[in-house]
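# Results of the structural survey
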Amino acid sequence: IYPPIHGGAVFMLQAIQELAKRHNLYVLTFVDSAEQVEPNRALEHWVRKVEIFVRKHQPSRPFHVESHAQQVFYDPEFAGLLDKMVYLHDIDLIQFEYTQLAQYRLPLRTVPQCLFEHDIYFRSVQRQLFAGHGGWVAKSKELLEWLRGLRYEVAAAGQFDAVFTCHEQEQRVLESVLGNGHPRILPGLRTAIDAASYEFPGGPREPD
């Protein structure tokens, strides 16, 4: 999340900054390397506690029933840490970021749990599938991942009390695949960015 050098981090950081004005926040976040642990401790400026978990980079099994998104973000230690935080800090609402983390939804009866779909995962795979790159082997793997991702995302998203999307088009896509009885799907609530708080470093932009 910190520093906010990609779009999802900007969304998450600004949500933290706004919510912290009215609520006591606790953050549990993955990072990809030990070097990213210390920078993310800066979030303690806004929240009560930050737990930072270095992700173990699990190899994805191409023919497993679970999607790539599930496999590479699954870690029982992370699930245990989330459970512990909810118990110790009397959490009364949980917000999950990204489809990959929907698998960590807890079996709680009285605590609302929400999911922010930064990008609908199976649609991302679908765009790759129809992009026209790669041979039949690559396309077969992408088709399989699209099916696995669709199965996972529909099952996971349908269990939340509310789902946020970036815009109305993705709201309509989710509503169409989730069918009757789906959770509230709310577009655009998490996408208002205070652009003035970021200094423009000058141009032209440099690649990568």
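Now for a quick tour of the structure. (Residues numbered from 1 in each chain as written. Predicted model: local features only at pLDDT ≥ 70, side-chain atom pairs only at ≥ 80, totals over all residues. Heavy atoms only, no water.)

## Remarks on the pairing of strand E6 (residues 184-187)
As judged from the 4 bridges shared by strand E5 (residues 162-165) and E6, these two strands associate in the parallel manner. Note that in E6 the partner of Ala162 across the bridge is Arg184. In this view, the connection linking E5 to its parallel neighbour E6 by way of helix H7 (residues 168-178) has right-handed handedness. (Pairing = 2+ DSSP bridges. Helix = DSSP H or I, 4+ residues; strand = E, 2+ residues; numbered from the N terminus. Right-handed = clockwise from strand over helix to strand, strands pointing away.)

## A short note on the packing of helix H5 (residues 121-129) against helix H6 (residues 136-157)
H6 packs onto H5 with a crossing angle of 165° between their chain directions and a minimal axis gap of 8 Å. On the basis of their axis angle, the class for H5 and H6 is roughly antiparallel. The handedness of the crossing between H5 and H6 comes out as left-handed. The residues of H6 that touch H5, namely those facing Tyr121, Phe122, Val125, Gln126, Gln128 and Leu129, are Lys139, Glu142, Leu143, Glu145, Trp146, Gly149, Leu150 and Glu153. Across the contact of H5 with H6, the residue classes break down as 7 nonpolar, 3 polar and 4 charged. (Axes fitted to C-alpha atoms, helices over the stretch in contact; angles between N-to-C directions. Parallel < 35°, antiparallel > 145°, perpendicular 65-115°, else oblique. Left-handed = near helix turned anticlockwise from the far one by under 90°. Contact = heavy atoms within 4.5 Å. Nonpolar A, V, L, I, M, F, W, Y, C, P; charged D, E, K, R; others polar.)

## Digging into the layout of surface pockets
Considering only enclosed or pocket space, the second largest pocket measures out at about 160 Å³ in volume. Split by residue class, the lining of the second largest pocket holds 3 nonpolar, 1 polar and 2 charged. (1 Å grid on protein atoms, 1.4 Å probe; cavity = no way out; pocket = protein on both sides within 12 Å on 5 of 7 lines; lining within 4 Å. Points joined across faces, edges and corners; volume = space filled by probe spheres on them.)

## Focus on unusual backbone geometry
At the junction of Tyr2 and Pro3, the peptide bond is cis and its omega measures out at 0° in the coordinates. Residue position: Pro3 is located in the segment before helix H1 (7-19). Its identity as a non-glycine residue notwithstanding, Asp90 has a phi of 55°, on the positive side. Turning to its location among the elements, Asp90 is positioned in the loop between helix H4 (76-89) and strand E3 (94-97). Overall, the relative accessible area of 65% leaves Asp90 in the exposed class. One non-glycine residue with positive phi stands out, namely Tyr98, at about 80°. With respect to the secondary-structure elements, Tyr98 resides in the loop between E3 and strand E4 (113-117). (Buried < 20%, exposed > 50% of the residue type's maximum accessible area, 1.4 Å probe, protein only.)

## Considerations on the packing of aromatic side chains
Summed over the entire model, instances satisfying the criterion amount to 9 aromatic pairs. Among the aromatic side chains, those forming a connected cluster through ring pairs are Phe30, Phe53, Phe73, Phe78 and Tyr104. (Phe/Tyr/Trp six-rings, centres within 6.5 Å; stacked < 30°, edge-to-face > 60°.)

## Here's the deal with the side chain of His118
Looking at the element boundaries, His118 is found in the loop between E4 and H5. Within the structure, the side chain of His118 is placed 2.7 Å from the side chain of Glu97, a separation counted as a polar contact. With residues near it in sequence (within four places) discarded, His118 still touches Gly8, Phe11, Met12, Glu97, Tyr98 and Cys166. (Polar contact = N/O pair within 3.5 Å; in protein donor to acceptor, adjacent residues only side chain to side chain.)

## Brief notes about the environment of Val47
Among the secondary structure elements, Val47 is positioned in the loop between helix H2 (37-40) and strand E2 (49-54). Each C-alpha atom of the pair Val47 and Asn24 lies 6.7 Å from the other, and the pair is 23 residues apart in sequence. Residues contacting Val47, with those up to four places away along its chain left out, are Ile16, Leu25 and Val27.

## Thoughts on the sheet that holds E6
Strands sit in the order E3-E4-E5-E6 across an open sheet of 4 strands; the sheet is parallel. Strand pairing shows two members of the sheet lacking a second neighbour, E3 and E6, which therefore form its edges. Strand-to-strand, the axes of this sheet are offset by a mean angle of 20°, without reference to chain direction. Relative to E5, E4 is paired through 4 bridges, and the arrangement is parallel. In the sheet register, Leu115 faces E5, and the bridge partner there is Val163.

## Some thoughts on H1
Relative to the 18 Å expected for 13 residues at 1.5 Å per residue, H1 spans 18 Å between its end C-alpha atoms, a close match to the ideal helical length. Within H1 the residues assigned to the buried category are Gly8, Ala9, Val10, Phe11, Met12, Leu13, Gln14, Ala15 and Ile16. Check the buried side of H1 and you find it contacts strand E1 (26-31), E3 and E4. (Expected span 1.5 Å × (residues − 1).)

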